[in-house]
Amino acid sequence: MTKEMYLIIAIAIIATLLVVSIGGYLLFRRMKAPEGCEELHPDMSKCGPCGEKGCPLYARYHKEGEQQ
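Residues numbered from 1 in each chain as written. Predicted model: local features only at pLDDT ≥ 70, side-chain atom pairs only at ≥ 80, totals over all residues. Heavy atoms only, no water.

Engineer: So what exactly am I meant to see when it comes to the overall build of the chain here?
Structural biologist: Of the regular secondary structure elements, the chain holds 3 helices and 0 strands. Sequence-ordered secondary structure for the chain, helices as α and strands as β, is α-α-α. The burial tally for the chain puts 4% of its 68 residues in the buried class. Accessible surface for the chain amounts to roughly 6500 Å². Of this, 66% is attributable to carbon and sulfur atoms. (Helix = DSSP H or I, 4+ residues; strand = E, 2+ residues; numbered from the N terminus. Buried < 20%, exposed > 50% of the residue type's maximum accessible area, 1.4 Å probe, protein only. Areas by Shrake-Rupley, 256 points an atom, 1.4 Å probe, with all protein chains shown as cover.)

Engineer: Sorry if this is basic, but what is going on with helix α1 (residues 3-30) here?
Structural biologist: Because the α-helix completes a turn every 3.6 residues, residues three or four places apart line up on one side. For α1, which comprises 28 residues, the first-to-last C-alpha distance of 41 Å matches the rise-based estimate of 40 Å (1.5 Å per residue) to within 8%. Across the 28 residues that make up α1, only a small minority, 0, are buried. (Expected span 1.5 Å × (residues − 1).)

Okay, structure coming up:
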């Protein structure tokens, strides 16, 4: 194979990867959130049973709960 063929193959691979990544990003942006994940505001029903103190929702809930 000549150098030109290697260059064409390399450009084709790079172009394909770009198209796939841009297409995947656009499809991801159009995808709706799964049922039950639309509202991510912390409340006692979501972080009461878990009790994981490293969770950002847990910290936010208890910080807001102390102010009220």
